[in-house]
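Descriptive structure summary
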Amino acid sequence: MLALLLFSCTSEEPTTVRGGTVDLSQPVVESTSDAGQALCAGCDILVVSICSLRRDHVGAYGDWPGESLTPTIDALAAEGVRFDQAYATSNFTLASLTSLLTGRFGSSTGVLRWGTGLSEDVPTLPEVLGYYGYASGAFTVDAPSGLRPEYGLARGFNRFVVIEPPRSTPDGRHREGEADVLAATAAPVSAWLAEQPPDKPLLAWLHTRSAHYPFVIEEPAPGSDPTGVRRLLWDEADSGLGSTSVGPGMAGEQGTALRPEEQLDPVTHGVRQAGPAGLKVWKEAYAESVARMDHDVAAVIEAQRARGRLDKTIVVIVADHGESLGDNGEMLHGGGYFDGVVRVPLVIRVPGLAPGRTDQLVSQVDLMPTLLELVGAVLPAEADGVSLIGLLRGGRKAVRGTAFSEGGPGDMPKEVFPGAVISPPWILMRQTTPCSGSGPGLLDPAAAPPPHGGPPPSPPKGGEPEIRLFTCLFDLKQPRQERNQADAHPEVVELLQGRWDGYRDAVAGRAVPNQLKLDPEFVELLQRTGYDFTGP
């Protein structure tokens, strides 16, 4: 059991992030505020954040070619509002979850990489709801998801539980037992819901990693996969990845100061060697994990239905980020800000509101303001998000003109700041991964497409290569992002970069993140699940 280590802005020693299970409880306070005539006063709130879920793998969006992988999410979308242009605030989990829970972009919280945590002066969603009498619980599995108390994300929750990864999840695939018990990830939140009195409002948050790399939960039978990709995925934790691994977190394969020959981990290299057949198996394994994840959602919905409160419940389905799956040469996430990673599924179902669909630009930071307004709570000052109630009611007026996706898991120099500016009809990306390419381009930076302003520099002799960002500009109407238009439209690059710089200047110093130490065992856990970075 992990002992809770509290953050302190004046602590002489930084908090250490360690793996392990967590079970924290705090009393629920009586309401001290009046929700007034809110649209959904007293409603329960159920949020399921899904790690690594691609928008085009959700049947409700209409892009998946076969039988839907997500019937539960599809049913919720049929009763709610589906957002077609929702963007993640980062390409890795910790930063995105922090934005979802605070309504702020990463530059405002300072949580932009592993090794940073939310400071105590930034209010969180459960903290605010607590003033209105809400009980709140957050639940996830023991994995490097970022949803941990050391990162400050347990603050405000009355119950915070991190369990051992179930056998039926990729994180728990090597544990003993049978893998046919689906939705085990959702068991703790379902049990907590059953214990809650029906006359008190609640916030229940489940963060599921059932669709996360390495995707598989069953050891492949001999001869069942000629490409060998499933065997590579199954053995990923034992493949000697260590500090030269490439997986989610540095999936662009050029995000750290590693020499090219050090960037060839066995899994990614094996997939590339297997060619199109290997990539096909890679994508099939991911799709299977998405289908299993949908059972987690179903279990939580049924638990709330059993309480008799589903018709008085706001339900939110949102991904923290997506997955590249070979698009633009990137295999997973964490290096680039491609469409498959930062354009995420978002479904909000509100009792009494008609279902619908909107293509207006929204961001993860908009979730907190929306939920608070729905239940009649006051949004804290300095939030970056805006309420989406107008869109939920069927309005077509734009709520924002620009959104940001910032930071990444790598420990970059201060002068190298990756991110993306989404401002229709454009997206500007400043990233460690080439703007497009496949094959050798991702295995050898010298063969990659040149960035705006010239080719990447060669590593100095006897030293580490210089980290340089590629500048990518794409038309949002071309989601495949095959044609970089940075050279053709330098004025757009300058305009969007100026908007980002202006925002960062405006919020500079607004919050100072907690600087954390990563325990060696936690770093090993990160690396076993594919993350690679230059840690603090």
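This is a predicted model, so every value here is computed, not measured.

Time to look at the overall build of the protein chain. Tallying secondary structure elements over the protein chain gives 13 helices and 17 strands in all. For the protein chain, with 536 residues in total, the buried portion stands at 61%. Expressed as a percentage of contacts within the protein chain between residues at least 6 apart in sequence, the contacts between residues at least 24 apart total 74%. Counting only carbon and sulfur atoms, one obtains 51% of the accessible surface of the protein chain, whose full area is about 20,000 Å².

Applying the stated rule across the entire model yields two disulfides. Here Cys-40 connects covalently by a disulfide to Cys-43, the sulfurs 1.9 Å from one another. Measuring the twist about the S-S bond at about -70 degrees, one finds the Cys-40-Cys-43 disulfide to be left-handed. Both residues of the pair, Cys-40 and Cys-43, belong to the buried class. Disulfide pairing places Cys-435 opposite Cys-472 at an S-S distance of 2.1 Å. Its S-S torsion of approximately -85 degrees makes the covalent link between Cys-435 and Cys-472 left-handed.

On to the packing of helix α1 (residues 71-79) against helix α7 (residues 266-306). In contact at an axis separation of 7 Å, α1 and α7 are set at 55 degrees when each is read in the N-to-C sense. It follows from the interaxial angle that α1 and α7 lie oblique. Contacts from Pro-71, Thr-72, Ile-73 and Leu-76 in α1 reach Met-293, Asp-294, Val-297, Ala-298 and Ile-301 in α7. In the contact of α1 with α7, the residues fall into seven nonpolar, one polar and one charged.

Of all the positions in α1, only Thr-72, Ile-73, Asp-74, Leu-76 and Ala-77 are classed as buried. Residues of α1 that are buried make contact with β3 (44-50), α7, β9 (313-319) and β10 (346-349).

Another point: the sheet that holds strand β13 (residues 419-423). Taken together, the four strands give an open sheet; going across it, the order is β12-β13-β14-β15, and neighbouring strands pair in antiparallel fashion. Because the sheet does not close on itself, it has two edges, and the strands there are β12 (403-406) and β15 (470-475). Averaged over all neighbouring strand pairs, the angle between strand axes comes to 10 degrees, with direction disregarded. Pairing of β13 with strand β14 (residues 426-431), which is carried by five bridges, proceeds in the antiparallel orientation. Bridge pairing links Ser-423 to Trp-426 in β14. Helix-sheet contacts for helix α12 (residues 490-507) involve β12, β13, β14 and β15, and the interaxial angle to β14 is about 70 degrees.

Counted by the stated rule, this structure contains 22 salt bridges. The closest approach of N and O atoms between Glu-150 and Arg-148, which form a salt bridge, is 3.3 Å. Overall, Arg-148 belongs to the buried group, its relative accessible area being 1%. Residue Arg-305 is joined to Glu-302 by a salt bridge in which the shortest nitrogen-to-oxygen separation is 3.2 Å. Of this pair, Arg-305 and Glu-302 both sit in helix α7, three residues apart, which is roughly one turn of the helix. Owing to a relative accessible area of 42%, Glu-302 belongs among the partly exposed residues under this scheme.

Here we take up unusual backbone geometry. Cis geometry is found at the peptide bond from Tyr-213 to Pro-214, where omega equals 15 degrees. By the element assignment, Pro-214 lies in the loop between β8 (202-208) and α6 (229-234). For Ala-183, which is not a glycine, the phi torsion comes out positive at approximately 65 degrees. Within the fold, Ala-183 resides in the loop between β7 (159-163) and α5 (187-195). If you check the backbone angles, Gln-481 has positive phi at about 50 degrees while not being a glycine. The buried category is assigned to Gln-481, whose relative accessible area is 4%.

The subject of this paragraph is the side chain of Arg-230. Considering the arrangement of structural elements, one finds Arg-230 in helix α6. With relative accessibility at 19%, the residue Arg-230 sits in the buried group. Discounting residues that sit within four places of it in the chain, Arg-230 has contacts with Val-216, Pro-220, Asp-225, Val-281, Glu-284, Ala-285 and Glu-288.

A few words now on helix α9 (residues 367-375). For the α-helix, the turn length of 3.6 residues means that residues three or four positions removed from each other point alike. Taken across its nine residues, α9 has eight buried, putting it largely inside the fold. Regarding α9, the residues found buried are Leu-367, Met-368, Pro-369, Thr-370, Leu-371, Leu-372, Leu-374 and Val-375. Phi turns positive one or two residues past the end of α9, at Gly-376, with a value near 85 degrees.

With that settled, consider the nonpolar core. A general trend in soluble globular proteins is that nonpolar side chains are found buried together. One finds Phe-83, Trp-282, Ile-314 and Ile-348 to be the most contacted residues of the largest nonpolar core, which totals 107 residues. Here this core takes 13 residues from α7, the largest share from any one element. In this structure Ile-314 touches Cys-40, Cys-43, Asp-44, Ile-45, Leu-46, Ile-348, Arg-349, Val-350, Pro-351, Leu-371, Leu-374 and Val-375, once residues within four positions along its chain are discounted.

Our focus in this paragraph is the environment of Glu-330. Tracing the backbone through its elements, the reader meets Glu-330 in the loop between β9 and α8 (339-342). Note on Glu-330: relative accessible area 0%, which makes it buried. Taking the C-alpha atoms as reference, Glu-330 lies 9.8 Å from Cys-435; in sequence the two are 105 residues apart. A polar side-chain atom of Glu-330 sits 2.8 Å from the main-chain amide nitrogen of Gly-336.

Conventions we followed
Residues numbered from 1 in each chain as written. Predicted model: local features only at pLDDT ≥ 70, side-chain atom pairs only at ≥ 80, totals over all residues. Heavy atoms only, no water. Helix = DSSP H or I, 4+ residues; strand = E, 2+ residues; numbered from the N terminus. Buried < 20%, exposed > 50% of the residue type's maximum accessible area, 1.4 Å probe, protein only. Contact = heavy atoms within 4.5 Å. Areas by Shrake-Rupley, 256 points an atom, 1.4 Å probe, with all protein chains shown as cover. Disulfide = S-S within 2.5 Å. Axes fitted to C-alpha atoms, helices over the stretch in contact; angles between N-to-C directions. Parallel < 35°, antiparallel > 145°, perpendicular 65-115°, else oblique. Nonpolar A, V, L, I, M, F, W, Y, C, P; charged D, E, K, R; others polar. Pairing = 2+ DSSP bridges. Salt bridge = Lys/Arg side-chain N within 4 Å of Asp/Glu carboxyl O. Core = buried A, V, L, I, M, F, W, Y, C linked by side-chain atoms within 4.5 Å. Polar contact = N/O pair within 3.5 Å; in protein donor to acceptor, adjacent residues only side chain to side chain.

The values reported here are purely geometric and, on their own, carry no functional implication.
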